[in-house]
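Listed below, chain by chain, are the residues.
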Amino acid sequence: MSLLDALSKLPGKCYAHPISSAPSSASKLNPYLPLPSAGNLLTNAAFLSTLPTPPAGTLINVLAADALATLRSEKAVALISRTAQEAYDHALLGLRLAQDEKAVVYHYISSEVEGAIEEVKDVQGWLDSALGSPNLNGHCDCVDADTAIAQALLKAYNAASLSLLKLTRRAQRPFTDHHCESSRLVINYLPSSISADNVLDVSLATPAPRDKLRHAAESVNEVIVVEAGSGKYGTAWASVVDALDGLAAPVRSILVGANASSAEITGAISATALVTRIGAALAAPTVLPTSITVPTPETTYTNLLHASPAPLDILNDPTKLSANESTSPLYAFGKAIALRRERGLLVELAKKVLKAPNTRPEVHEALAQWLLVRNEPGSGEAGKKIEAALTGATGDEAELLELGCKGHWEKSALWIVISNSWAHDLASSGLHHALASGLDINLLVYETAPSPFSPLAPKQTPKERKKDLALYALNMGDVYVSSVAVYADYAGVIDAMREAEAYEGPGLVLAYLPWGEKEDGEDVGGEKAGPLERLRETKRAVSGGWWPMFRWNPSLPDHKKFSLQSPRIKQALSEFLDRQTHLSQLTLATPAIDRSINSSAGTDIIAARKEKARRAYDALVNSLDSPGLLVLYASDGGNAEKVAKRLVARAKMRGVAATIRVLDEIAQTIPESLGAEKNVVVITSTAGQGEAPQNGRKFLKALPKLDLARTKEKLAETKLTVFGMGDSNYWPRKEDYIYYNKLAKDLFPKLLALGARELAPLGLGDDSDPDGYETGYKPFQASLWRALGVDSVEVVEAQEETVANEHIKIASAYLRGTILEGLADQSTGAIGASDAQLTKFHGTYMQDDRDLRESLKAQGLEPAYSFMIRVRMPGGVCTPKQWLALDAIADEHGNSTFKLTTRQTFQFHGVVKKNLKPAMQDINKSLLDTIAACGDVNRNVQCSVNPHLSHIHHTVYDFAKAISDHLLPSTSAYHEIWLDQKKVGGEAVQDLEPLYGTTYLPRKFKIAVAVPPDNAVDVFTNDLGFIAIVENDQVVGYNVTVGGGMGVTHSNKKTYPRLGDVLGFVRPEDGRLAAEKVMLTQRDNGNRQDRKNARLKYTVDRMGVENFKAEVERRMGKPFEPARRFTFESNLDTYGWVQGRDGKWHFTMFIENGRVEDNSRHQFKTGLCEIAKVHKGDFRLTANQHCILSGVASEDLPEIKRLLAKWGLDNINHSSLRLSSSSCVALPTCGLAMAEAERYFPLLVDKVEAIMEENGLAKDALVMRMTGCPNGCARPWNAEIAFVGKAPGSYMMMLGGSHKGDRLSKPWKSQVTEPEILELLRPLIKRWATEREDGEHFGDWVIRNKIVGETTHGTNFWEGADV
Ligand code: SF4
């Protein structure tokens, strides 16, 4: 009888592991169950490391062992067997110890076991019998173990050995002493025997029989421990040293690696080295912890799995397993095999019963139906019919019923989340077996490492690179493989998961989630993990090509099997292929091309050539006679860069040969680069406590390392000055004032100390000065011109930007420019700068992904350009059909999401240039357009959509639409460029803009129509507002307001937000006329010299309200009537269902910050599409970025409610704070954003929400808004609390706007970060909760308590503000 047969016959459950190497004689054993308690497990040594943590009371027989594993359990026993009989006896001993002591027993059996086995007849009887007293003739009473556990185990071992001796007459000893006269003792921990004198073959490795060892070693001169291993030292050696502590004999170590011969071992024993290593490196069979703990961020993917339409089984989901189950992928794999086999058996049985002659007709019919649909969703229902038909069944039918009732009627999607130990060790891990099994299972592997492009990325070894698993799986050919990233393509992840489930075979989904193992807020090498960092990192990884996104579906036709989802890689691939084709043609044509040229060109040479070329170019473009000037800048927020560029432009106008560079670009060549210039200006902003901005840090670091003597020599002819930009009020404490402009103040003397001379005195710009940094910049610039000798050069420095804008408009041939040519240019993702100004009039902005800007620049690539498209949709109303069309446009041409904006329209982001025209055409096909959605024209006209006022909605909506249509530009350029319509009459017929002329308006122009008491459109923030006056349920006319506007420039106190003034009342029929004349008054009187002063609000203040009114009346040909009374109550949306007077229902839903997307928390985009398919009314967008499902008939209500509930869109159970908050888009798409808004604001709301709840204010509304820059798209300047981005992570903070939008806020803190915001708000909110008067809103309370002064008019916005 073989050993394996004998072991498998031992009582209790016996299991073999793993599947592929289960001994054939053990094939009757079920290898797929969890590790048993008090069981007897057979495993191959190679698979030991993949075992899950064994439960107490398990015996693990490690077959063909060549090394001992590190044991994990405190109560562990390790036995070593070198013969078959010893292995059998040790297995009995092990069972006994596992059973009695609840120990985990590892039993290592040599690969060379041989010899006959004498079995014990009544093993169970022995296991059940009581053990005798361990009075073992000296075998046990000498034990002196260090710990009580080890001592108890040793006693138990001795007792069991004695008992077994009585039963078998074979003695079991902790070691076998092959005593032989020798001055050295060899202690052998190898599972095989070794030939040497005086050898102790250890059988009980753990716990160590310390006294026995000491006794054996007492009389020798040296002790040699032989064990398997190739590390620094052996674990057995360490335990022997410990046991022999105090003895004089030195303890040598021999570590035996792979393939070491016995002669080598003998030779090592005879040598004298303290540690000898022989053989090749051995993978230590350490037992790895294999439990999966799914960190919180990774649940993103598991949440997505739960959206599976099929019944879902995540086989190692820790939350679903019982106590004795394991989260190990191995266990999950075993379970998957068992489940699939059971289902296979069910199908076979069903077929068998179907064919059986005596099967009853009802059973026959039920089975036939089920077999037809068995792999489809819903097959469980057919199964239930079988259950009903099989009541009281016997034989095969009973077995069939039993299997079906175990949950196999419907096919489950089986998923296994793969642990690191599986993913990192592909060749010898179970992952290979799972992929090669052909089973219909799906494996989910997380890659959590940051990309190599990340500044925070630690080095990743190739072994740890999980993305290579995809390659391995692709090689198999019949495995579905996809590589996805939830922060890059959410819909793609869902598609991949569903495809993997649909594929009948193994599926592997590699999911990227940077720092997924870290909780939010944990340090990730200098920054804190969080959704934003993960998103940015994903973008870097995907756009840089490090994490490719693709899907390989073997079930599709050949040409469709592989699909690449990474757009930038796609582009790079096609460019690469084009170039390759081109180059190969070139090579063929001129075979003499020296292929070594490229390889010999090192990066230094390339860099040096570039530098030389740059100098040559500069020399060429600049006059040699003019003074040279190098302007260096370091800038975080973009201001210093802007100043630097403007300085260069102005210097050139004065004949100075000026060039510009980023400070860090010369970090490696400071002496040469500065020494080559006669005049240098450094312009820098200040970060933190006087640190350098990001692109100046390398320069600063390089300064102290310079060779001073050499640098002085080089800079002998260089003159230099510095202009610093900072904010003297940034640090509220006086003692922190030293940080104001600290960098510039430190840098200037440092540079002079390097040998340069002063070109002009140090200049300091202060954001807190009345004109911002300009106050300090002007004298600095003047002194610079003097120093360069160009101060007397007369240059007209008009407002370049504004004039440029006006010129662009005039020269554009009514908004044509060279847009068409720009769109056709495939060499860049961008269009020309002047065309980028013109496309705004067509409703699209060029933007670039700000998250990627720096990393693409570092790779020498152009920014990731894309376009934002804004739809013109007066009044914010669209039909369900239009909604579906717009949804499809986001998927086909954009980034699969769209935004409901504060101007009641749709915005698409991420539309790349080649998709721009098709997207515009699709928008037009849906009977919408984008004309004048942006630009210096009248923009989308807003109107109140409050469902409580549905009975007059159509009146104000028609009014808004009529004004919008009336003020539309007339140019046919839009149709020509985007819709391919030819100019009517060729060049003979010219466009005419009767309202706008060739220069259009000085700036944008916004109109809104409000219906009191609802001011959700914030009518006073518009250039022109109409307040509907309703009498007897009829709109009798409108009060007209003028002069509202939100845009401000940080630190420029000449700019301010303003609320509109009421001019008077007009009848409905005069509304259009009034709108036109107000706009034309602005057209002719607005400031076209300075875009920062060009909005109507400045015109009104410059002219005076009364004069402005008179001018409008003159143009109208009639006066305004006196304004009528009106009262606003709120500028918020009211959520939930409302029934209108016509009996129709309206539901206002909450779409946080207007972002319509599918993500791990909700699938609003899909849900709204489903609703649009059945909805018969319309969709109305609110100015607070939410959506109203309008005009639902009573009979359709149940279905709409069902769908709203299904997609979570009926959830309006948020805190009042969240319901009344809003933010603009900002990063990463808005080119003007200085800080995050939409992506970050919900996180801030979470925290403020907690403060509100602490104070019992969960149900109290508070208008809180955030924008990424002072342009104010989300109307922060009249909110009760507002934050306006100044720099990444820091915001200007305002308080004191009103709850109904009729009072501006007041700047309170010039620059705050999140901790400061929370620290400031906590006591304020607490006070408000306790001190407020009945119903007093927060904004009113802060004014009454003089926390901030009241802003009574835009012109006193900055007054008394501590910023
Ligand atoms: S407020 Fe500024 S950052 Fe926000 S969307 Fe408007 S322009 Fe962009």
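Described in the following lines is the structure provided in the data block.

Rules used throughout
- Residue indices begin from 1 for each chain and proceed along its sequence in written order.
- Where totals are concerned, whole chains, interfaces and linings use all residues; where local detail is concerned, this predicted model gives features only for residues with pLDDT of at least 70, and gives and counts side-chain atom pairs only at 80 or more.
- Water and hydrogen atoms play no part in the side-chain values, which are based on all heavy atoms of the structure.
- Numbering of helices and strands runs from the N terminus; a helix is a DSSP stretch of H or I covering at least four residues, while a strand is a stretch of E covering at least two.
- The cut-offs for exposure are 20% and 50% of the maximum accessible area for each residue type, with area from a 1.4 Å probe on protein chains only; residues under the lower value are buried, those over the upper are exposed, and the others partly exposed.
- Residue contacts follow a heavy-atom distance rule, with two residues in contact if any of their heavy atoms lie within 4.5 Å.
- All accessibility values rest on the Shrake-Rupley procedure with a 1.4 Å probe; residue burial counts only the protein chains present in the view.
- Throughout this description, a polar contact denotes any pair of N or O atoms lying within 3.5 Å of each other; where both atoms belong to protein, one of them has to be capable of donating a hydrogen while the other can accept it, and for residues adjacent in sequence the pair is counted only when both atoms sit in side chains.
- At least two bridges found by DSSP between two strands are what make those strands a pair.
- Lines are fitted to the C-alpha atoms to define the axes, a helix being fitted only along its stretch in contact, and any angle between axes, read from their N-to-C directions, falls within 0 to 180 degrees.
- Should the near helix be turned anticlockwise from the far one by less than a right angle, the crossing is termed left-handed; should it be turned clockwise, right-handed.
- Nonpolar residues are Ala, Val, Leu, Ile, Met, Phe, Trp, Tyr, Cys and Pro. Charged residues are Asp, Glu, Lys and Arg, and all others, Gly as well, are polar.
- Multiply 1.5 Å by the residue count of a helix minus one, and that product is the helix's expected span.
- In this analysis, rings of Phe, Tyr and Trp, with Trp reduced to its six-membered ring, are considered paired at centre separations within 6.5 Å, and the interplanar angle assigns stacked below 30 degrees, edge-to-face beyond 60, and tilted for intermediate values.
- In this scheme, the term charge over a ring applies when either NZ of a lysine or CZ of an arginine sits within 6 Å of the ring centre and within 35 degrees of the ring normal.

1. Re the overall build of the chain
Here is step 1: Tallying secondary structure elements over the chain gives 43 helices and 45 strands in all.
Here is step 2: Counting across all 1363 residues of the chain, residues that qualify as buried make up 55%.
Here is step 3: In the chain, the share of contacts with a sequence separation of at least 24, taken over all contacts with a separation of at least 6, comes to 71%.
Here is step 4: Total accessible area computed for the chain in this model is approximately 57,400 Å², and 53% of it derives from carbon and sulfur atoms.

2. Some words on the environment of E1336
Here is step 1: Secondary-structure assignment places E1336 in the loop between α42 (1314-1331) and α43 (1338-1344).
Here is step 2: With 37 residues separating them in the primary sequence, E1336 and H1299 have C-alpha atoms 9.8 Å apart.
Here is step 3: In this view, E1336 contacts W1328, W1341 and R1344; residues no more than four positions away in its chain are not counted.
Here is step 4: Among the polar contacts listed, one links the side chain of E1336 to the side chain of R1344, at a separation of 2.7 Å.

3. So, the pairing of strand β15 (residues 442-447)
The two faces of the sheet receive side chains in turn, since in a regular strand these alternate between them.
Here is step 1: Most of β15 is tucked away: six of the six residues are buried.
Here is step 2: Burial along β15 is two-sided: N442, L444 and Y446 facing one way and L443, V445 and E447 facing the other are all buried.
Here is step 3: Two elements, strand β14 (residues 413-418) and β15, share four bridges in a ladder whose sense is parallel. Along β15, the bridge assignment pairs I418 with V445.

4. Some remarks on the environment of E402
Here is step 1: Counting through the fold element by element, E402 comes out in helix α12 (residues 395-408).
Here is step 2: Distance from E402 to L346, taken between C-alpha atoms, is 9.3 Å for residues 56 residues apart in sequence.

5. Comments concerning the packing of helix α21 (residues 639-653) against helix α26 (residues 774-788)
Here is step 1: Put simply, α21 and α26 touch, their axes get as near as 13 Å, and they point 35° apart. Here α21 runs over α26; the crossing is right-handed. Residues V643, R646, L647, R650 and A651 of α21 lie in contact with α26, whose contacting residues are E774, Y777, Q781, L784 and W785.
Here is step 2: Partitioning the contact of α21 with α26 into residue classes produces six nonpolar, one polar and three charged.

6. Re the environment of N61
Here is step 1: Mapped onto the secondary structure, N61 falls in strand β3 (residues 59-65).
Here is step 2: Accessibility expressed as a relative area gives 0% for N61, which makes it buried.
Here is step 3: Along the sequence, N61 and L42 sit 19 residues apart, while their C-alpha atoms lie 4.9 Å from each other.
Here is step 4: A polar contact of 2.8 Å, which involves the side chain of N61, links it to the side chain of H107.

7. A closer look at the sheet that holds strand β29 (residues 898-900)
Here is step 1: Taken in spatial order, the five strands of this open sheet run β26-β27-β30-β29-β38, and their pairing is antiparallel. In this open sheet, the two edge strands, each paired with only one partner strand, are β26 (844-848) and β38 (1155-1156).
Here is step 2: Relative to β38, β29 runs antiparallel, the two sharing two bridges. Within β38, the position partnered with F898 by the bridge is V1156.
Here is step 3: Here helix α32 (residues 913-925) sits on the sheet in contact with β26, β27 (865-870) and β30 (906-911), set at roughly 15° to β27.

8. A closer look at helix α35 (residues 1071-1085)
Here is step 1: End to end, α35 covers 21 Å across 15 residues, agreeing with the expected 21 Å (1.5 Å per residue, within 8%).
Here is step 2: Within α35, 11 of the 15 residues are buried, leaving the element largely enclosed by the surrounding structure.
Here is step 3: Within the span of α35, buried status applies to G1071, A1074, A1075, E1076, K1077, V1078, M1079, L1080, T1081, Q1082 and R1083.
Here is step 4: Summarising the contacts, the buried residues of α35 are in contact with α33 (950-966), β33 (1024-1031), β34 (1034-1042), β35 (1061-1066), α36 (1096-1103) and α37 (1105-1116).

9. Let's talk about the packing of aromatic side chains
Here is step 1: Applying the stated criterion across every chain, the model contains 29 aromatic pairs.
Here is step 2: With centroids separated by 5.5 Å and ring planes inclined at 80°, the aromatic side chains of W370 and W409 adopt a geometry described as edge-to-face. Taken together, the residues span a long stretch of sequence, with W370 in helix α10 (residues 361-373) and W409 in the loop between α12 and β14 at a distance of 39 residues. Taken as a pair, W370 and W409 share a single burial class, namely buried.
Here is step 3: Following the ring pairs from residue to residue traces out a cluster consisting of W883, F898, F906, F908 and F1179.
Here is step 4: Above the plane of the ring of F1065 lies R1124, whose end atom (NZ or CZ) is 4.0 Å from the centre.
Here is step 5: A cation over a ring is seen here: R1332 above W1328, with NZ or CZ 5.0 Å from the ring centre.

10. Here we look at the sheet that holds strand β41 (residues 1221-1223)
Here is step 1: Overall, mixed pairing links the five strands, which are arranged β41-β42-β43-β44-β45 in an open sheet. Among the strands making up the open sheet, the edge pair consists of β41 and β45 (1306-1312). Across the sheet, the axes of successive neighbouring strands diverge by a mean angle of 15°, strand direction being ignored.
Here is step 2: As paired strands, strand β43 (residues 1281-1287) and strand β44 (residues 1290-1295) are joined by six bridges and run antiparallel to one another. Bridging across to β44, G1285 finds its partner in Y1291.

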